[in-house]
Amino acid sequence: MKNQQGFATRAIHAGQEPDPSTGAIITPIYQTSTYVQEALGKHKGYEYARTQNPTRSAVEANVAALEGGKAGFACASGMAAIGSIATLLQAGDHMIVTDNTYGGTYRLFERVLRRYQLDFTYVDTGDEAQVLAAIKPNTKMLFIETPTNPILRLSDLARLADISRKRNIKFVVDNTFASPYIQRPLDLGADIVIHSTTKYLNGHSDGVGGMIIANNDADIEWLRFVQNAEGAILGPMDAWLVLRGTKTLAVRMQAHNANGMGLAEFLTGHPKVQKVYYPGLTTHPQHELAKRQMRGFGGMISFDTGSLDNAKAVLGRVRLLALAESLGGVESLISHPATMTHASVPEAMRNAIGVTDGLVRISAGIEDLDDLKDDLTQALSVL
Ligand SMILES: Cc1ncc(COP(=O)(O)O)c(C=O)c1O
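Residues numbered from 1 in each chain as written. Predicted model: local features only at pLDDT ≥ 70, side-chain atom pairs only at ≥ 80, totals over all residues. Heavy atoms only, no water.

### Here we look at the packing of aromatic side chains
Here is step 1: Per the counting criterion, the structure on display carries seven aromatic pairs.
Here is step 2: Where Phe7 meets Tyr181, the ring centres are 5.6 Å apart and the plane angle is 80°; that geometry is what we call edge-to-face. In this pair, Phe7 is assigned in helix α1 (residues 7-13) and Tyr181 in helix α7 (residues 179-182), connecting sequence segments 174 residues apart. Exposure class is identical for Phe7 and Tyr181. Each is buried. (Phe/Tyr/Trp six-rings, centres within 6.5 Å; stacked < 30°, edge-to-face > 60°. Helix = DSSP H or I, 4+ residues; strand = E, 2+ residues; numbered from the N terminus. Buried < 20%, exposed > 50% of the residue type's maximum accessible area, 1.4 Å probe, protein only.)

Spelled out as structure tokens, the structure:
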């Protein structure tokens, strides 16, 4: 049951059979650390829960089916997933990374992985020429986000897959911002997809988790080994919450798409807003690419209020939108990238990628659009 059925059907059924012992339609939370063996060397395929857990296996199969991949690996967080991917590299290897990548990814690469003689170059991966110019003889991985956080710049997945394949570079896509409903990088030639399931896949802001989806047998074998060797696994309760979340992924993403577009249009027409970043707007420089590789334009919107004081005033006055980090939940969140998600990115780099002090980011939830607009209208009225 992989690509034959529609996305919404797979979201609800893939990886899940009624529980054989009771018929329970929902996969149980196997909250256990070990499994009793009938005799020495005789067991049901489960020995120890770091290595195998049925709830985790179900969510891995489910998300792999949604991304069109052969195997999934559920991790303790999105960062744990990215850390595991880095083990595909060896000391001396070089990685090309999207320049306005998530701040935590930048921190992991610069503050932790450089200590292990890995080298990183950050470029605008939306510009093929910059990617080509950054390739070195030791470049082994291209790691991108599209759309990026928080400026919502895009990279052309099919083109980058082609460039990577020809040069034997592993192409990894962080698909957290889009979700597999909106875009499926493996279909366009990527080797590996990662997610912070904390966001759209869980969708209810009640669990932290990560997922790796791979297609290549050698990668799958290594990642399975590393998942057990390093042990950064997703616990059964959190795995179950993601399974519960993906059941409604299709309808939630349709609602996120609609509210994202609605808020982007509303902000564009607002006299106090200086600039709006949203791939669904015809003014977005990569709108044509967005139409080509995305199904809808997502729930993430950023806008520039012009100054730190203005951003503070708006953030201090919202009532329905909650001032919080994170994204992708059913409730709308609002945040200040320069001091929150991107605080660990040096100021010069922040300014270069457009993360100004006046920038505000919204994760549009699935509330009624008019209520969100009313809240922003009253919050922006202080400016
Ligand atoms: C695009 C992206 N990738 C990875 C992560 C890290 O995920 P987690 O917080 O689940 O470790 C985040 C978190 O915000 C993110 O936005």
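Following the structure, the description resumes.
### Observations concerning the nonpolar core
Here is step 1: Phe171, Leu267, Ile301, Ile362 and Leu376 are the most contacted members of the largest nonpolar core, which totals 76 residues.
Here is step 2: With seven residues, helix α10 (residues 249-268) is the single largest residue contributor to this core.
Here is step 3: Setting aside chain neighbours within four positions, we find Leu376 in contact with Leu263, Phe266, Leu267, Val318, Leu321, Ile334 and Ile362.
Here is step 4: Ala86, Met95, Tyr106 and Leu113 belong to the second largest nonpolar core, which has 30 residues in total. (Core = buried A, V, L, I, M, F, W, Y, C linked by side-chain atoms within 4.5 Å. Contact = heavy atoms within 4.5 Å.)

### Some remarks on the pattern of salt bridges
Here is step 1: For the structure on display, the rule yields 19 salt bridges.
Here is step 2: Between Asp93 and Lys140 there is a salt bridge, and its shortest N-O distance comes to 3.4 Å. In this pair, Asp93 is assigned in the loop between α3 (78-86) and β2 (94-98) and Lys140 in strand β4 (residues 139-145), connecting sequence segments 47 residues apart.
Here is step 3: Among the residues examined, Asp93 registers a relative accessible area of 10% and is labelled buried. (Salt bridge = Lys/Arg side-chain N within 4 Å of Asp/Glu carboxyl O.)

### What to know about the site of the ligand
Here is step 1: Taken together, Ser77, Gly78, Met79, Tyr102, Glu145, Asp174, Thr176, Ser196, Thr198, Lys199 and Gly209 make up the full set of residues adjacent to the ligand.
Here is step 2: Interatomic distance of 2.9 Å between a backbone N/O atom of Met79 and an oxygen atom of the ligand.
Here is step 3: In this structure, an oxygen atom belonging to the ligand sits 2.8 Å away from a side-chain N or O atom of Ser196.
Here is step 4: When the ligand sits alone it has 390 Å² of accessible area, and the protein chains cover 90% of it.
Here is step 5: Looking at the shell around the ligand residue by residue, the classes come out as two nonpolar, six polar and three charged. (Near = heavy atom within 4 Å. Polar contact = N/O pair within 3.5 Å; in protein donor to acceptor, adjacent residues only side chain to side chain. Areas by Shrake-Rupley, 256 points an atom, 1.4 Å probe, with all protein chains shown as cover. Nonpolar A, V, L, I, M, F, W, Y, C, P; charged D, E, K, R; others polar.)

### Quick notes on the sheet that holds strand β8 (residues 275-277)
Here is step 1: Taken in spatial order, the five strands of this open sheet run β8-β9-β12-β11-β10, and their pairing is mixed. Only two strands of the sheet have a single partner each, and these edge strands are β8 and β10 (322-323).
Here is step 2: Each of β8, β9 (300-304) and β12 (359-363) is contacted by α10, which is oriented at about 10° to β9, the strand it contacts most. (Pairing = 2+ DSSP bridges. Axes fitted to C-alpha atoms, helices over the stretch in contact; angles between N-to-C directions.)

### Looking at unusual backbone geometry
Here is step 1: Following Thr146, the chain continues to Pro147 via a peptide bond in cis, the omega torsion being -5°.
Here is step 2: Omega for the peptide link from Asn149 to Pro150 comes to 5°, which places this bond in the cis form.
Here is step 3: Within the secondary structure, Pro150 is located in the loop between β4 and α6 (157-166).
Here is step 4: In the Ramachandran plot, Gln117 falls in the positive-phi region, its phi being about 60° despite a non-glycine side chain.
Here is step 5: Inspection of the secondary structure assignment puts Gln117 in the loop between α4 (103-112) and β3 (119-123).
Here is step 6: Residue classification places Gln117 among the exposed positions, given a relative accessible area of 53%.
Here is step 7: Not every positive phi belongs to a glycine, and Ser326 is a case in point at roughly 80°.

### Brief notes about the side chain of Arg56
Here is step 1: Its place among the elements puts Arg56 in helix α2 (residues 54-67).
Here is step 2: Assessed through its relative accessible area of 2%, Arg56 is described here as buried.
Here is step 3: Within the structure, the side chain of Arg56 is placed 3.2 Å from the backbone oxygen of Ala49, a separation counted as a polar contact.
Here is step 4: Contact partners of Arg56, with chain neighbours within four places excluded, come to Ala49, Arg50, Thr51, Ala74, Gln227, Ile233, Leu234 and Ala239.

### Some points on the sheet that holds strand β1 (residues 71-75)
Here is step 1: The strand order across the open sheet built from seven strands is β1-β7-β6-β5-β4-β2-β3, with neighbouring strands paired in mixed fashion. Sheet topology places β1 and β3 at the edges, where each strand pairs with a single neighbour. Averaged over neighbouring strand pairs, the angle between their axes works out to 20° when direction is ignored.
Here is step 2: Of the strands in this sheet, β1, β4, β5 (170-174), β6 (192-196) and β7 (210-214) are in contact with α3, which crosses β6 at around 155°.
Here is step 3: Here α6 sits on the sheet and contacts β4 and β5; the angle it forms with β5, its principal contact strand, is near 155°.

### Let's talk about the packing of α2 against helix α9 (residues 236-247)
Here is step 1: Viewed as axis vectors pointing N to C, α2 and α9 meet at an angle of 35°, and their least axial separation amounts to 8 Å. Classified by chirality, the crossing of α9 by α2 is left-handed. Facing α2, whose interface residues are Thr55, Arg56, Ala58, Val59, Asn62, Val63 and Leu66, α9 presents Pro236, Ala239, Trp240, Val242, Leu243 and Thr246.
Here is step 2: Its residues placed into classes, the contact of α2 with α9 shows nine nonpolar, three polar and one charged. (Left-handed = near helix turned anticlockwise from the far one by under 90°.)

### Focus on α2
Here is step 1: Across its 14 residues, α2 extends 20 Å between first and last C-alpha, which sits within 8% of the 20 Å expected from 1.5 Å per residue.
Here is step 2: For α2, the buried fraction is high: 12 of the 14 residues fall into the buried class.
Here is step 3: Residues of α2 that are buried include every one of Pro54, Thr55, Arg56, Ala58, Val59, Glu60, Asn62, Val63, Ala64, Ala65, Leu66 and Glu67, and no others.
Here is step 4: N-capping of α2 is provided by Asn53, with a side-chain oxygen placed 2.9 Å from the backbone N of Thr55.
Here is step 5: Directly beyond the C-terminal end of α2, a positive phi value near 75° is found at Gly68. (Expected span 1.5 Å × (residues − 1).)

### Quick notes on the pairing of β7
Here is step 1: Burial analysis of β7 places five of its five residues in the buried class, the great majority of the element.
Here is step 2: Alternating positions in β7 separate into two faces, Gly210, Ile212 and Ala214 on one and Met211 and Ile213 on the other, with burial throughout.
Here is step 3: Sheet topology note: the β6/β7 ladder contains five bridges and is antiparallel. Within β7, the position partnered with Ile194 by the bridge is Ile212.

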